[in-house]
Amino acid sequence: MASVQVRLKDGSVRTYEAGTTYAEIAASISSGLAREAVAAKVNGQVVDLSRTVEQDVELELLTLKDPEGVDVMRHTCAHVMAQAVARLFPGTKFAIGPVIENGFYYDFADHVFTPEDLPKIEEEMRKIIQADYPVTREVLTRDEALAMFREREDRFKVEIIEDLPADETLTIYRQGEFVDLCRGPHLPSTGRIKVFQLMSIAGAYWRGDASREQLTRIYAAAFAKKSELDAHLARLEEARQRDHRKLGKELGIFMLSKEVGQGLPLWLPRGAKVRRVIERYIVDLEERLGYHHVYTPHLASLELYKISGHWEHYHEDMYPPMQLDNEELVLRPMNCPHHMMVFRSEMHSYRDLPLRIAELGTMHRYEMSGALAGLQRVRLMTLNDAHIFLRPDQIQDEFTRVVKLIERVYKDFGIKDYYYRLSFRDPEDKVKYVQNDEMWEKAQAMLKQAMDEMGLPYVEAPGEAAFYGPKLDVQVKTALGKDETLSTVQLDFHLPNRFGLEYIGEDGKPHRPVVIHRGIVGTMERFVAFLLEQYKGAFPTWLAPEQVRIATVAEDFVPYAEQVAETLKSAGFRAEVDQRPEKIGYKIRQSQVEKIPYTLVVGAKEAEHGTLSVRRYGQGDLGAMSTEEFIARLREEVDTKALLVES
RNA sequence: GCCAGCGUAGCUCAGCAGGUAGAGCAACUGACUUGUAAUCAGUAGGUCGCAGGUUCGAUUCCUGUCGCUGGCUCCA
């Protein structure tokens, strides 16, 4: 028998006979490892402990302390769930059951699940785990596998196998009476599963394709320790508490109602105040940076969108045309064509470029009803939009300037948790994207180069581009963990052609400009939703709808409180007096619940000495100070856009 | 749009083997004139999302519809 050298994680090298299983190797190292190992990582690839070593390898034995070990457990747990479902609901068909963050899911068909089924499935899973079935691996040829799953009328598995190359060897895993087509690896036995909890039922399309069969997906969480599951559940609860829909309602930021229409938010006074501060901030900043803000109509002739190509590529997301007089009008889904027309309104010299046309552009998009979510996903939105007209040689400089602007703005809002995504076209998709291979290659390469030269990390996402060009998206996560785009920078060689844009070059001849589309704050709706979640509703002082609440200890001190409020308002701050005949404790509680940055308590002492008792949200009572001191403090906080520091 | 679940007072929620509803907070009235997270008492408020059906009788059961939630797809 040939012997092989196995290099372990600690660098030591041991010799085994070829054909030794990794489980046996684990046992030869220590009884603890024999007990705890769940899988083997061989030359970087995770495999079953039952596999054998056949040549010299690097070996790491994985336990449930390793994230990869936990993933193996999650995968086996998915099989256990499928086994439980097979026992409880015979005839259910199985699609796929992959591992995801914090757990796994499995997609089923031919059985309608209700939430009441989940405890039953969990109970059956516990029995399967208790029974501690060995999980065994078998290798089949493609034809054997095909025959097996055809026999079982498992249409999804059959389709998976049919899509694999003819010479592919396949594996199946068995545990007790259950068998599933699976690449593995798995735990040695079902009894090794630690803690899990079935979380929710959802619909999902077979292979993620909306034109295909809809399956029922059961999501589950699974961890190596109960404490980890508990922590996960606590995080979910925390997330629900910071959901912008809950906070937005509680704090009077916005409302939605079916009487107004789906996805059409009303900005309530407090939300409108926050939005106004953001709008002033970004417009002022952009004007300082050479942007020219314009106003253009929300309605447009359909002609305009035929010229731009939106009608061809984007009409499913547009409200249908209205026929009036001899005009067909649409609600605009984007501002780009209007800004193209602004550019075309006069002749431009190469010296005028870059020309930056900006607008808080309100637009309507017919989003699918199921996609709507609070302010995060709406049908009417206002974008902090701009179109920058450039010479080709200016692309990289200007792109860099825009990315720097994004970083500046994010810093001001304290946004730290984001990543860059280069969104490219899917070359296979001939319908969604305009067809011009050379343009796409050139534009995508330019974006990559610019990001590389700035030294910024990014991920690439094929199939995420706009129909007219690639883009850089800034991705953030919502409280509930969904990825969404906050800011976007898009490179466009297409619309300038469609609109026949020209500038006169140094050579006195007309040239075609390039356009950068960009949204920094993105849409006001999504941005405020994001901020609500990020700040847990406690806006920093510069953004807070009400910065100061003045609470009177008794009615006698209302005149003094009014005087203080007047002083603060004339200094440019947002202050209100709570003069109701309530106890001071009650007023303070209410001010705290409303997450107002500062609460001023005024009574006899303050009125007599002309001072204020200052309470900071998140910090508590700061003691007495003069009105001047307080204004200086406020001014400093607003000017520096200080973030809330909790003590 | 699709699959599943949910829809009771302004808000958060109870209730109902089918006999036309209840709490807390908020609102309003009154008393209390108050010192750092909820003073007390009282009043008012709901065709139980909407429309059909079953039934002597429906908030409760069934169907449809609208909306919301989770997920899929899509997207700023």
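All figures in this text were calculated on a predicted structure; none of them were measured in a lab. (Residues numbered from 1 in each chain as written. Chains lettered and ligands numbered in written order. Predicted model: local features only at pLDDT ≥ 70, side-chain atom pairs only at ≥ 80, totals over all residues.)

Caption draft 1: Quick peek at the environment of Q534. Along the chain, the position of Q534 falls in helix α16 (residues 524-534). The spatial distance from the C-alpha of Q534 to the C-alpha of R498 is 40 Å, given a sequence separation of 36 residues. (Helix = DSSP H or I, 4+ residues; strand = E, 2+ residues; numbered from the N terminus.)

Caption draft 2: Quick look at the protein's contact with RNA strand B. In the vicinity of RNA strand B, 62 residues are found, and the nearest of them are G203, G370, T485, G603 and S613. Listed by contribution, the elements that provide at least two residues to the surface near RNA strand B are β12 (195-205), β13 (214-223), β25 (483-492), β28 (514-523), α16, α18 (584-593), α19 (604-609) and β32 (611-616). It is α18 that contributes the most residues to the surface near RNA strand B, 7 residues altogether. Broken down by class, the residue content of the surface near RNA strand B amounts to 26 nonpolar, 18 polar and 18 charged. (Near = placed C-beta within 6 Å. Nonpolar A, V, L, I, M, F, W, Y, C, P; charged D, E, K, R; others polar.)

Caption draft 3: Fine view of the nonpolar core. Of all hydrophobic cores here, the largest spans 93 residues; its most connected members are V528, I550, V564, L600 and V602. When near neighbours in sequence (up to four residues on either side) are disregarded, V528 contacts I253, G271, V274, R275 and L375. Counting 55 residues, the second largest nonpolar core, distinct from the first, contains Y22, L59, V72 and C77. (Core = buried A, V, L, I, M, F, W, Y, C linked by C-beta atoms within 7 Å. Buried ≥ 20, exposed ≤ 12 C-beta atoms within 10 Å, placed from the backbone. Contact = placed C-beta atoms within 7 Å.)

Caption draft 4: A look at the domain arrangement of chain A. According to the domain assignment, chain A consists of domain 1 (3-63), domain 2 (68-239), domain 3 (268-296 + 336-534) and domain 4 (548-639). Its C-alpha centre places domain 2 at a distance of 41 Å from the equivalent point of domain 3. (Domains from an automatic or database assignment.)

Caption draft 5: Quick peek at the sheet that holds strand β3 (residues 39-42). Strand order in the open sheet formed by 5 strands is β2-β1-β5-β3-β4, and the pairing between neighbours is mixed. In this open sheet, the two edge strands, each paired with only one partner strand, are β2 (13-17) and β4 (45-47). Ignoring which end each strand starts from, the neighbouring axes of this sheet average 35 degrees apart. Across 4 bridges, the pairing between β3 and strand β5 (residues 57-62) is antiparallel. Bridged to A40 within β5 is L61. (Pairing = 2+ DSSP bridges. Axes fitted to C-alpha atoms, helices over the stretch in contact; angles between N-to-C directions.)

Caption draft 6: Looking closely at helix α20 (residues 627-639). The end-to-end C-alpha separation of α20 is 18 Å, in line with the 18 Å expected for 13 residues at 1.5 Å each. Downstream of α20 by one or two residues, K641 has phi in the positive range, about 55 degrees. (Expected span 1.5 Å × (residues − 1).)

Caption draft 7: Region of interest: the environment of P98. In this fold, P98 is placed in the loop between β6 (93-94) and β7 (99-100). For P98 and V274, which are 176 residues apart along the polypeptide, the C-alpha to C-alpha distance reads 42 Å.

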